[in-house]
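Examining the three-dimensional arrangement
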Amino acid sequence: MAWEIARPSRTPALRGVDMAGFRIHGEGLAQLRAIPHPAVTVVVEFGDRCFDVRDSTGRIHSGSLALGLGGSAAPVRVEAIECVQVRLSPVVAQAILGCPLAELSGRIVGLEDLWGRDATRLRERLHESPSWDERFALVDATLSARLRNDRRTDPEVDWAWRQIILSRGRFRVEHLATRVGWSRQRLWSRFGTQIGLTPKRAAMLVRFDHAVHRLVLGHPPAQVAADSGYADQSHLYRDVREFTGTPLTSATSEPWLAVDDRAWPTSTVGQA
């Protein structure tokens, strides 16, 4: 398949937001996988042909959608696609999407189910826009307009997420509650509601994301496992299979991972 990837010429207005444009086409249907990432993913498609994504229940989703944190790889069937893909840090995602991230955890939801007719109008305007820069500006303005400050995460949850990101998943999560001055039960409850994962699962996802991208670059699995805080290679292999649904040798050749360095070359979205 041929991949055209576009990047915004300007930094998005909101912290914790990154985006890229994709135009993919080939001869006949292709099977890809959407690999879990420590950000809420929003895909706004605007081409003449939609793509299909199958969730963990077997339901097929077609068109613009949002993918919550914590799920496994989602099979994608595509012949051609034009879309803007947005990565939202979970500390801003619920304020933009309009729902607690616990409701999206491990799920795929149609964007119209979250935004109603606004999602349809955005798709139509993207289809009419003649350039990627205009599309990015349109999406940026839409996200800014939808931001609700009363839905922002608690500062304590924000801080806990940032420690997990900055440590690449190696922060000892049992120390988080003590550091923010909350009980463990309160932090786990608030974190789960607002981020969509437990702190332990969030750390697993962040650690996996860092490790798998090093593997894609060709780093030796033994070194990646040691540097990433895994007890041994078998634990690394277990996480790769859990999050991608494939063994390590197959996961490192997944197209969505292979193009990350072009689509998201300097992304720090998770640190917002």
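Refer to the preceding data block for the structure.
Notes on the structure follow.

A few points about the overall build of the protein chain
The secondary structure content of the protein chain amounts to 13 helices and 8 strands. Taking 2.2 N^0.38 as the reference for a compact globule, 272 residues should give roughly 19 Å; the C-alpha atoms of the protein chain span a radius of gyration of 18 Å, in line with that estimate. Along the longest, intermediate and shortest principal axes, the C-alpha atoms of the protein chain span 50 × 45 × 35 Å. Within the structure as shown, the protein chain displays about 12600 Å² of accessible surface, and the carbon and sulfur contribution to it stands at 46%. Within the protein chain, one finds 35 positive and 31 negative side-chain charges whose respective centroids are separated by 6 Å.

Details of the nonpolar core
Ranked by size, the top nonpolar core spans 68 residues in total, and within it Val 86, Leu 88, Leu 143 and Leu 236 carry the most contacts. Considering each element in turn, this core owes the most residues, 9 residues, to helix 8 (residues 199-216). Once residues within four sequence positions are removed from consideration, Leu 236 is found in contact with Ala 211, Leu 215, Pro 221, Val 224, Ala 225, Tyr 230 and Leu 248.

A closer look at the packing of helix 8 against helix 10 (residues 233-244)
At their nearest, the axes of helix 8 and helix 10 sit 10 Å apart, and the two run at 100 degrees to each other. The orientation of helix 8 relative to helix 10 falls into the category roughly perpendicular. On the side of helix 8, the interface is formed by Arg 201, Met 204, Leu 205, Arg 207, Phe 208, Ala 211 and Leu 215, while helix 10 contributes Leu 236, Arg 238, Asp 239, Val 240, Glu 242, Phe 243 and Thr 244. Looking at side-chain class alone, the contact of helix 8 with helix 10 contains 8 nonpolar, 1 polar and 5 charged residues.

Let's talk about the side chain of Ser 129
Tracing the backbone shows Ser 129 in the loop between helix 3 (117-128) and helix 4 (132-146). Among the residues examined, Ser 129 registers a relative accessible area of 12% and is labelled buried. Within the structure, Ser 129 has its side chain in polar contact with the backbone oxygen of Arg 125 (distance 2.8 Å). Not counting the four nearest positions on each side in its chain, Ser 129 is found in contact with Glu 134, Arg 135 and Leu 138.

Quick notes on unusual backbone geometry
For Arg 168, which is not glycine, the phi torsion reads 55 degrees and is therefore positive. With respect to the element layout, Arg 168 can be found in the loop between helix 5 (155-166) and helix 6 (176-180). Here Arg 168 falls in the partly exposed class, since its relative accessible area comes to 48%.

Conventions and cut-offs
Residues numbered from 1 in each chain as written. Predicted model: local features only at pLDDT ≥ 70, side-chain atom pairs only at ≥ 80, totals over all residues. Heavy atoms only, no water. Helix = DSSP H or I, 4+ residues; strand = E, 2+ residues; numbered from the N terminus. Rg over C-alpha atoms; globule rule 2.2 N^0.38 Å. Areas by Shrake-Rupley, 256 points an atom, 1.4 Å probe, with all protein chains shown as cover. Lys, Arg positive; Asp, Glu negative; His and termini not counted. Charge placed at Lys NZ, Arg CZ, Asp CG, Glu CD. Core = buried A, V, L, I, M, F, W, Y, C linked by side-chain atoms within 4.5 Å. Buried < 20%, exposed > 50% of the residue type's maximum accessible area, 1.4 Å probe, protein only. Contact = heavy atoms within 4.5 Å. Axes fitted to C-alpha atoms, helices over the stretch in contact; angles between N-to-C directions. Parallel < 35°, antiparallel > 145°, perpendicular 65-115°, else oblique. Nonpolar A, V, L, I, M, F, W, Y, C, P; charged D, E, K, R; others polar. Polar contact = N/O pair within 3.5 Å; in protein donor to acceptor, adjacent residues only side chain to side chain.

Nothing here speaks to function; it is geometry throughout.
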